[in-house]
Amino acid sequence: MSTSYNPETVELTAQKYWDDAASFEVGEDADKDKYYCLTMFPYPSGKLHMGHVRVFTINDVIARYHRLQGKHVLQPMGWDAFGMPAENAAIQRGIPPAKWTYSNIEDMRGQLKRLGYAYDWSREVTTCRPEYYRWEQWLFTRMFEKGLVYRKNSIVNWDPVDQTVLANEQVIDGRGWRSDALVERREIPQWFMKITDYADELLAELDRMPGWPDSVKTMQRNWIGRSEGVELSFDVIGEDEPLTVYTTRPDTLMGVTYMAVAAEHPLAARAAATDPDIAAFIEECKTMNAQEATLETMEKKGRALGISAVHPLSGEEVPLWVANFVLMSYGTGAVMAVPGHDERDWEFAKKHGLPIRQVIAPTDGSEIDIDEAVYLEHGVLVNSGDYDGLDFDSAFNAIADEFERTGRGSRKVNYRLRDWGVSRQRYWGTPIPIVYCDDCDAVPVPADQLPVVLPEDVEVTGTGSPLKDMPEFVNTPCPKCGKDARRETDTFDTFVESSWYFARYACPDSDAAMLDSRVQYWTPVDQYTGGVEHAILHLLYARFFQRVMRDEGLTDVSEPFSNLLTQGMVLKDGAKMSKAKGNTVDPQELIQKYGADTVRLFMMFAAPPEQSLEWSDDGVQGSFRFLKRFWSAVVEHVAAGPACAVDRDALDDEQKELRRKTHQTIAKISDDIGRRHSFNTAVAASMELLNAVNKFADESDQGRAVVHESLQAVVVMLSPMVPHICHALWQQLGHEEELIDQRWPDVDEAALAQELVEMVVQVNGKLRARIAVAADAHKDVAEAQALGNENVQRFIAGKEIRKIIVVPGRLVNVVV
RNA sequence: GCCCGGGUGGCGGAAUUGGUAGACGCAGCGGACUUAAAAUCCGCUAUCCGAAAGGGUGUGUGGGUUCAAGUCCCGCCCCGGGCACCA
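Computed from a predicted structure; not experimentally measured.

### Section: the overall build of chain A
If you tally the helices and strands in chain A, you get 26 helices and 34 strands. Projected onto the principal axes, the alpha-carbon positions of chain A cover approximately 105 × 85 × 50 Å. A total of 816 residues make up chain A; the buried ones form 54% of that total. As displayed, chain A has an accessible area near 36400 Å², and 47% of this comes from carbon and sulfur atoms.

In structure tokens form, the structure reads like this:
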């Protein structure tokens, strides 16, 4: 073998070996301890970007590490192949979405292979294939039978020029991205999945998921947003139907000075019929962006409707308003307003000159001015008649009891979480398996008629819907009565595909059922890795789907992912890499220049996985330099002839010291990778050990033996990150058996023992000296040695020692 | 606006349970090798004062707790992610 490091030769050789030996294809072996290591599968956008390289490398390191720990590891890969970019490419370049997608998959698979990831390619899953999506169509029809899906009207962004529905990101400043037309809010019937049926379970289980980051669990808790409140009704003067509202603050009920309804509310519509100003306001609300971020930050506007409700406790009349921040689709489409104790109500009242009434006072008896500032805390009731003096809990219960007694309201648990709207008015997605019949209404497609195949040979123009224009797709007999009927032309949200692919990897070829018994062996996923941007939606939908599959009897598992690692983005010049900013770095070019191992190493070394990673071309150079040094250290050591075994009793002090460093490093890297996922410090520790080996110039038998032990350990421990070079160096070190089948090195506790340890001495918390103390020395000995130190004496001379703190093996702090 | 993160040398980052701030690497500076350059190797490198020994300052910002705070608590500023049709 040549003495200089040639990454291309080394990497292609290793990859060919793994390929020929099918090293990473795994079956279900009941005697082995399985480890399912998964990364969020990519959208096949055309080319791998650095973000992909980062997350895939992180996951590959974890997978290869666990294999060296003796686990039976499954690491699959596949494609989240439906989605908008394929349609955009079709519009711009006239290539059918299917053709574009399949060709991207080919390219990206090649790139992944060149990076040397330990994937079981025999399990590859592609979501735009009928053999995949037929099973989610099937599950949808099962959910239909169980009443877990339903149809209701909901709002979409309608582009009146292109006659099409736009995604939020396609609406720029209220206008369509292609047509520049003013986008309208339009209500259309859409399919929903009842994720709220599982809200309690999804929430409760978070407390029993130690393998997930607290930040993600908190985000999901807040997203589900369980609240306990009271639903109560207000009579409306001149109306038969009372107005129902939900509040979590019934204690502030006596502070209600007005109420607000949504623009689409029937009461508002009735008022608009006679009042052109209200009609114009409602019209204005139609062009309003419905995104939560916009709703919360926009100017709060409203109009008085000229009608009043009756306060259920005081009998007082409170005016009714229509307001742009109340949405018909959330809750009852109406809210009670307590300007004294709600931020938004306070601002609205100030703006429109509505009365503000204080009904809560601070518990400590201090005075507040409700005209100056809103008071949001829980406190003691005032100006509330019989309820005066009660605290939050007593008032809540007293008022809730009163409403339940009179039948005008009841306690209610509410969730911020809304049901999952899965309908998309797009071509490139899974057809929703429903047929509309004039007699039988919406009929699910029977299992034996699935899949409903998406026609792949289409022309996408960006105007209208391709499926609607295909009579051969749309026209079909009703599965129930046989009469002429029409297929649903909407497709699923692509989050549906990504909500169960992790289970399908266990049995990708199962053609008799969605999942088969192999799923019992592999799931749950032991380690799941992906971007934080998926912390809520994808991960919550996947947790929901897992339970739906469980309740369908397909699996016993409730939680799909035991451990979760959320990785940060790859930045360049402080910003996310994007074509628009022109700050992208092509992994392909770097691999050609330095090899896959250098790219992988830099990714692992430059930042801890959870943080964003700042790209640096110079840093890549440094990683390449390190691999060259690593290569020559091993090659030169081997060239000097064979090394004998370490004889622990025959080592001199320096040999002992290198050996201590070796075993300290083994302990550190094991912890860094296995427990902390701190790959950057694991790499740094390897560099330190290699630096120590390079400085160690002892050609004696035991000297070479100790070096041999170090190098061997580094080769094994770096192999999860840089598998190709380690594969070659392991052979250089004279091994016949393959590195991927080795075991992680063990720590020799005896080698860690130290006679002297360094302790620092502080005076009043400031570092004044370092002393060497026997490792097993008593506190008093360390204390005496510290006080005897010359520099310490300078700072304590003539002062009274008030206290001495000794932290064994670490420091002595003298307080004067 | 709300929820979740983050802020440490010229740069990426380290400091794991409140106990030596700046490991490791990059860049820079000095040196060796070379006809020269590249590559490689060796040394220095938070900052200020000092010849040195040593000392002062220092982890976005203002307070607080503690013998001891990058780490814990309270307020503020800035940056990033998510907010239900980007994936």
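### A short note on the protein's contact with RNA strand B
Around RNA strand B, 72 residues are found, and the nearest of them are Glu292, Arg426, Lys668, Arg675 and Arg770. Take arginine 416: an N or O atom from its main chain is 2.9 Å from a base nitrogen of RNA strand B. Between RNA strand B and arginine 625, the relevant distance is 2.9 Å, taken from a phosphate oxygen to a side-chain nitrogen or oxygen of the residue. No other element matches the 7 residues that helix α21 (residues 679-695) contributes to the surface near RNA strand B.

### Let's talk about the packing of aromatic side chains
The final tally for this structure, using the stated rule, is 35 aromatic pairs. Ring centres of tryptophan 420 and phenylalanine 545 lie 6.0 Å apart, and the angle between their planes is 65°; this geometry places the pair in the edge-to-face category. Here phenylalanine 545 lies in helix α16 (residues 537-551) and tryptophan 420 lies in strand β19 (residues 420-421), a separation of 125 residues in the sequence. We note that tryptophan 420, like phenylalanine 545, is buried. Within the aromatic cluster, the residues linked to one another by ring pairs are Phe41, Tyr501, Phe502, Tyr505, Tyr528 and Phe561. The positively charged end of arginine 64 is found above the aromatic ring belonging to tryptophan 18, 4.6 Å away from the centroid. The cationic tip of arginine 134 hangs over the ring face of tryptophan 135; the distance from NZ or CZ to the ring centre is 4.5 Å.

### Here's the deal with the sheet that holds strand β21 (residues 434-437)
Within a beta sheet, neighbouring strands are joined by backbone hydrogen bonds and run either parallel or antiparallel to one another. The strand order across the open sheet formed by 4 strands is β22-β21-β24-β23, and the pairing between neighbours is antiparallel. At either margin of the open sheet sits one strand with a lone partner, and together these are β22 (441-444) and β23 (475-477). Between one strand axis and the next, the sheet turns by 40° as a mean value, whatever way the strands run. Inspection of the sheet shows β23 paired to strand β24 (residues 484-487) by 3 bridges, in the antiparallel sense. Looking at β24, one finds that proline 477 is bridged to aspartate 484. Helix α5 (residues 130-146) rests against β21 and β22 of the sheet, and its axis sits at about 125° to β22.

### Digging into helix α4 (residues 97-114)
Along its 18 residues, α4 runs 26 Å from first to last C-alpha, staying within 8% of the 26 Å computed at 1.5 Å per residue. Within α4 the residues assigned to the buried category are Pro97, Ala98, Trp100, Thr101, Asn104, Ile105, Met108, Arg109, Gln111, Leu112 and Arg114. The first or second residue beyond α4 is glycine 116, which carries a positive phi of 75°.

### Remarks on the pairing of strand β13 (residues 302-310)
Relative to β13, strand β10 (residues 226-236) runs antiparallel, the two sharing 2 bridges. Across the sheet, the residue bridging to aspartate 235 is valine 310, located in β13. Here β13 runs beside strand β14 (residues 317-323); their pairing, made up of 6 bridges, is antiparallel. When the bridges of β14 are listed, serine 308 appears paired with proline 319. Counting the residues in the hairpin turn of β13 and β14 gives 6 residues, including glycine 315, whose phi is positive at 75°.

### Observations regarding a negative patch on the surface
Taken together, the side chains of Asp652, Asp653, Glu654, Glu657 and Glu755 present a region of like negative charge at the surface. Summarising the element assignment, glutamate 654 is placed in helix α20 (residues 653-676). Classification of glutamate 654 as exposed rests on a relative accessible area of 60%.

### Describing the environment of phenylalanine 82
For phenylalanine 82, the position within the fold is in the loop between β3 (78-79) and α3 (84-93). A residue is classified by how much of its surface remains accessible, and phenylalanine 82, at 1% relative accessible area, is buried. In sequence terms phenylalanine 82 and proline 97 are 15 residues apart; their C-alpha atoms lie 8.9 Å from each other. Phenylalanine 82 has contacts with Tyr43, Thr127, Cys128, Tyr133, Trp428, Gly429, Thr430, Leu454, Thr494 and Glu497, leaving out every residue within four places of it along the chain.

### Description of the pattern of salt bridges
The full count for this structure, using the stated rule, is 54 salt bridges. Salt-bridge contacts for arginine 178 lead to aspartate 162; the nearest nitrogen and oxygen are separated by 3.4 Å. Taken together, the positions of arginine 178 in the loop between β8 (175-176) and β9 (184-193) and aspartate 162 in the loop between β5 (149-159) and β6 (164-166) put the pair 16 residues apart, joining distant regions of the chain. In this structure, aspartate 200 and arginine 226 form a salt bridge, with 3.5 Å as the shortest nitrogen-oxygen distance. One end of the pair, aspartate 200, is in helix α6 (residues 199-205); the other, arginine 226, is in strand β10, with 26 residues separating them in the sequence. When salt bridges with common partners are traced through the structure, they connect Glu201, Arg543, Arg547, Arg550, Asp551 and Glu559 into a single cluster.

### Topic: unusual backbone geometry
Put simply, leucine 450 and proline 451 share a cis peptide bond, and its omega is 0°. In this structure, proline 451 sits in the loop between β22 and α13 (471-474). Cis rather than trans, the peptide bond between threonine 523 and proline 524 has omega equal to 0°. Looking at the secondary structure, you find proline 524 in the loop between α15 (518-522) and β26 (525-531).

### Observations regarding the nonpolar core
Counting residues in each nonpolar core, the largest one holds 174 residues, and the members touching the most others are Phe544, Trp615 and Phe630. Counting residues per element, this core draws most heavily on helix α2 (residues 50-68), at 10 residues. Contacts of phenylalanine 544, omitting those with residues within four sequence positions, involve Met143, Met193, Lys194, Ile195, Tyr198, Leu202 and Trp420. Counting residues in each nonpolar core, the second largest holds 58 residues, with Leu243, Leu267, Tyr387 and Ile399 among its members.

### A look at the sheet that holds strand β1 (residues 34-39)
The strand order across the open sheet built from 4 strands is β2-β1-β26-β27, with neighbouring strands paired in parallel fashion. In the strand order of this sheet, the two ends are held by β2 (72-74) and β27 (561-567), each with one partner. Strand after strand, the sheet turns through a mean of 20° between neighbouring axes, direction not considered. Relative to β2, β1 runs parallel, the two being bridged by 3 bridges. The partner of lysine 34 across the bridge, within β2, is histidine 72. Packing against the sheet, α2 makes contact with β1, β2, β26 and β27, and its axis sits at approximately 175° to β1.

### Quick notes on the confidence of the model for chain A
In low-pLDDT regions, the fine details of the predicted coordinates are not to be read closely. Per-residue confidence for chain A averages 93 on the pLDDT scale, and 99% of its residues sit at or above 70. This complex was scored by the predictor with a pTM of 0.95 and an ipTM of 0.95.

### Description of the side chain of glutamine 137
Here glutamine 137 is to be found in helix α5. Judged by relative accessible area, glutamine 137 falls into the buried class, the value being 0%. Leave out the neighbours within four places in its chain, and glutamine 137 touches Thr430, Pro431, Pro433, Leu450, Pro451 and Val452.

What counts and what doesn't
Residues numbered from 1 in each chain as written. Chains lettered and ligands numbered in written order. Predicted model: local features only at pLDDT ≥ 70, side-chain atom pairs only at ≥ 80, totals over all residues. Heavy atoms only, no water. Helix = DSSP H or I, 4+ residues; strand = E, 2+ residues; numbered from the N terminus. Buried < 20%, exposed > 50% of the residue type's maximum accessible area, 1.4 Å probe, protein only. Areas by Shrake-Rupley, 256 points an atom, 1.4 Å probe, with all protein chains shown as cover. Near = heavy atom within 4 Å. Polar contact = N/O pair within 3.5 Å; in protein donor to acceptor, adjacent residues only side chain to side chain. Phe/Tyr/Trp six-rings, centres within 6.5 Å; stacked < 30°, edge-to-face > 60°. Lys NZ or Arg CZ within 6 Å of the ring centre and 35° of its normal. Pairing = 2+ DSSP bridges. Axes fitted to C-alpha atoms, helices over the stretch in contact; angles between N-to-C directions. Contact = heavy atoms within 4.5 Å. Expected span 1.5 Å × (residues − 1). Patch = residues over 30% accessible without salt bridge, like charges linked within 9 Å, V, L, I, M, F, W, Y side chains within 5 Å. Salt bridge = Lys/Arg side-chain N within 4 Å of Asp/Glu carboxyl O. Lys, Arg positive; Asp, Glu negative; His and termini not counted. Charge placed at Lys NZ, Arg CZ, Asp CG, Glu CD. Core = buried A, V, L, I, M, F, W, Y, C linked by side-chain atoms within 4.5 Å. pLDDT = per-residue confidence, 0-100.

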